[in-house]
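So the chains spell out like this:
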Amino acid sequence: MRQAGRYLPEYVELRGERDVLETCRVPELAVELTLQPLRRMDLDAAVLFSDIMVPLQAIGLEVQIAPGVGPIVATPLRATRDLARLRPLEPETDVPHVLEAIRLLRKELAVPLIGFGGAPFTLASYLVEGGPSRHHERTKALMHGDPATWRRLMEALGGLTLAHLRAQASAGAQALQVFDSWVGALDPADYERFVLPAMRELFEGLRDLDVPVIHFGVGTGELLEAMRRAGGDVIGVDWRVPLDRAWERVGSDRGIQGNLDPAVCLAPWEAVRVKALDVLDRAARRNGHVFNLGHGVLPQTPVENLQRLVDLVHASTEREPT
Ligand code: CP3
């Protein structure tokens, strides 16, 4: 999940007035922002400092991330003719800074580095709506109103993310996460028809890499069975679905990641502890649970709660040496 962020004063200081995407283009800054949370907490993995919008900007779309709002796309994609603006990504020339940040990080890190990219639906939602959206109305109108254009859009975005993820793995990323953050806006039938084919192709395209892949979405309780079929070694879930129930839907042959409510981390420590232990109880010490928040860290979160959380999870899951 988003590990870096405004909850850390050193993040706020280093980012300054720079745009998130501009920051992502400077490898030295991306490296430093990736390392900041690890200096504060005994984390088991590092999340590359980047953004799902990076490859879209890299192929020439005008994208900005407005503070407190999210990604804004100056000229949204709404019709067949707009698809011409989505050219394929050539990672070595389009996102050399991402690959450079990964290479530099691998020299510094003692824990695995997680690279990531946006899933076609979530990227399409930003591109079609022009920004964050509560109801995804234009996206759904395109999907249902012009299924042929929708399919081409999904294929183009899937191809872009596939190229981006494969390049990150070649540069040294040791795990990959696909963020389909907003796919929970769909019902299972629409997911199956309009999203699953492109997702399956994406995960198929990553299969020959020797890198575990995490498949994450928010509000996906009813989609988990279909997401499982789409692919991913680990399925990431938010807090709205109890972890044990989610794992039943995902199947015991897959790992599960999650799922403490990030807002709970703003409560007094005792409340955080109770909720974290509930997540661990539901995981029941089975192999394949990656403890995580159910979504990104919120800016007002006390760092101390996160530090204690990491230590609590380690203390509660320590195993006897075999
Ligand atoms: O180092 C790390 O931990 C990596 C951090 C990371 C960023 N973006 C940097 C960032 C990750 C994993 C992402 C992925 C991302 N970006 C997703 C998928 C994950 C998710 O949270 O669902 C999405 C949907 C985006 C698009 C995006 N970028 C949003 C919605 C926002 C929030 C805007 C806001 O201010 O509320 C961003 C900005 C962004 N990208 C921030 C970070 C650390 C926060 C901006 C800031 O605090 O400076």
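Note that the structure is predicted; figures quoted are calculated from it, not measured.

Asks: Help me understand the site of the ligand in this model?
Replies: In the vicinity of the ligand lie 25 residues, with Gln-3, Arg-6, Arg-15, Ser-181 and His-295 positioned nearest. In the environment of the ligand, an oxygen atom lies 3.2 Å from a nitrogen or oxygen atom belonging to the backbone of Val-47. Ser-50 is positioned such that a nitrogen or oxygen atom in its backbone is 3.3 Å from a nitrogen atom of the ligand. Burial of the ligand by the protein amounts to 94% of the accessible area it has alone, namely 870 Å². Mapped by element, the contributors of at least two residues to the shell around the ligand are α1 (9-15) and β3 (70-73). Across the shell around the ligand, the residue classes break down as 15 nonpolar, six polar and four charged.

Asks: Got a minute to help me understand the packing of helix α3 (residues 27-40) against helix α6 (residues 96-108) in this structure?
Replies: For any two helices packed against each other, the geometry comes down to the angle between their axes and how far apart the axes lie. Running from amino to carboxyl end, α3 crosses α6 at an angle of 45°, the nearest separation of the two axes being 9 Å. One finds that α3 runs oblique with respect to α6. The handedness of the crossing between α3 and α6 is right-handed. Contacts between α3 and α6 pair Pro-27, Glu-28, Ala-30, Val-31, Thr-34 and Leu-35 from the former with His-97, Glu-100, Ala-101, Leu-104, Leu-105 and Glu-108 from the latter. Looking at side-chain class alone, the contact of α3 with α6 contains seven nonpolar, two polar and three charged residues.

Asks: It is not clear to me how the sheet that holds strand β5 (residues 175-180) should be interpreted in this structure. Could you clarify?
Replies: Sheet strands line up and pair through hydrogen bonds in the backbone, either parallel or antiparallel. Taken in spatial order, the seven strands line up as β1-β4-β5-β6-β7-β8-β9 in an open sheet, and their pairing is parallel. The open sheet terminates on both sides in strands that have one partner only, identified here as β1 (46-47) and β9 (289-293). The sheet contact formed by strand β6 (residues 213-217) and strand β7 (residues 234-236) spans three bridges and is parallel. Note that in β7 the partner of Ile-214 across the bridge is Val-234. Docked against the sheet, helix α12 (residues 243-250) engages β7, β8 (255-260) and β9, running at close to 155° with respect to β8.

Asks: Sorry if this is basic, but what is going on with the pattern of salt bridges here?
Replies: Two side chains that carry opposite charge are able to pair once their charged atoms sit near each other. Per the stated rule, a full pass over the model turns up 16 salt bridges. Ionic pairing is found between Arg-40 and Glu-10, a salt bridge with its closest N-O pair at 2.8 Å. Within this pair, whereas Arg-40 is found in helix α3, its partner Glu-10 is found in helix α1, the two being separated by 30 residues in sequence. Taking relative accessible area as the criterion, Arg-40 reaches 30% and is therefore assigned partly exposed.

Asks: Just to check I follow, could you spell out the packing of aromatic side chains for this structure?
Replies: Two numbers describe a pair of aromatic rings. These are the distance of the centres and the angle of the planes. Per the counting criterion, the structure on display carries four aromatic pairs. When the ring of Phe-116 is compared with that of Phe-179, the centres are 5.4 Å apart and the planes differ by 75°; the resulting orientation is edge-to-face. In this pair, Phe-116 is assigned in strand β4 (residues 113-118) and Phe-179 in strand β5, connecting sequence segments 63 residues apart. Three or more aromatic residues joined by ring pairs make a cluster, and in this case those are Phe-116, Phe-179 and Phe-216.

Asks: Any chance you could explain the pairing of β5 here in plain terms?
Replies: Each regular strand carries side chains that alternate between the two faces of the sheet. When you tally the buried positions in β5, you get six out of six residues, the bulk of the element. Here β5 shows no split at all, with Ala-175, Gln-177 and Phe-179 on one side and Leu-176, Val-178 and Asp-180 on the other all buried. Note that β4 and β5 share five bridges and pair parallel. Residue pairing across strands places Gly-117 opposite Val-178, the latter belonging to β5. Bridging between β5 and β6 involves five bridges; their strand directions are parallel. Its bridge partner lying in β6, Phe-179 is registered against Phe-216. Once you follow β5 into helix α10 (residues 188-206) and on to β6, the crossover reads as right-handed.

About the cut-offs
The numbering scheme is per chain: residues are counted from 1 as the chain's sequence reads. Only residues with pLDDT of 70 or above have their local features reported here, since the model is predicted, and side-chain atom pairs are shown and tallied only from 80 upward, although totals for entire chains, interfaces and linings are computed over all residues. Here the side-chain values reflect all heavy atoms present in the structure, with hydrogen atoms and water set aside. Whether a residue is near a molecule or strand depends on its heavy atoms: if one lies within 4 Å, it is near. Two N or O atoms count as a polar contact when they lie within 3.5 Å, although within protein this holds only if one can serve as hydrogen donor and the other as acceptor, and sequence-adjacent residues are included solely when both atoms are side-chain atoms. Surface exposure here means Shrake-Rupley accessible area, sampled with a 1.4 Å probe, where a residue is shielded only by the protein chains that are shown. Put simply, DSSP marks the helices as runs of H or I at least four residues long and the strands as runs of E at least two long, and each gets a number from the N terminus on. Ten residue types, Ala, Val, Leu, Ile, Met, Phe, Trp, Tyr, Cys and Pro, are classed as nonpolar, four, Asp, Glu, Lys and Arg, as charged, and the remainder, Gly among them, as polar. Note on method: axes are straight lines fitted to C-alpha atoms, helices fitted across the in-contact stretch only, with angles between N-to-C directions ranging 0 to 180 degrees. Any angle from 65 to 115 degrees is called roughly perpendicular, while one under 35 is roughly parallel, one over 145 is roughly antiparallel, and all others are oblique. Left-handed describes a crossing whose near helix is turned anticlockwise from the far helix by less than a right angle; the clockwise case is right-handed. Note on definitions: a residue-residue contact is assigned when non-hydrogen atoms from the two residues lie within 4.5 Å. A strand pair is defined by DSSP finding two or more bridges across the two strands. Any carboxyl oxygen of Asp or Glu within 4 Å of a side-chain nitrogen of Lys or Arg constitutes a salt bridge here. Throughout this description, buried means an accessible area under 20% of the type-specific maximum (1.4 Å probe, protein chains only), exposed means over 50%, and partly exposed covers the range between. Ring pairs shown here join Phe, Tyr and Trp side chains whose ring centres sit within 6.5 Å, with only the six-membered ring taken for Trp; geometry is labelled stacked below 30 degrees between planes, edge-to-face above 60, and tilted in between. Orient the strands so they point away from the viewer; a crossover is then right-handed if the path from the first strand over the helix to the second runs clockwise.

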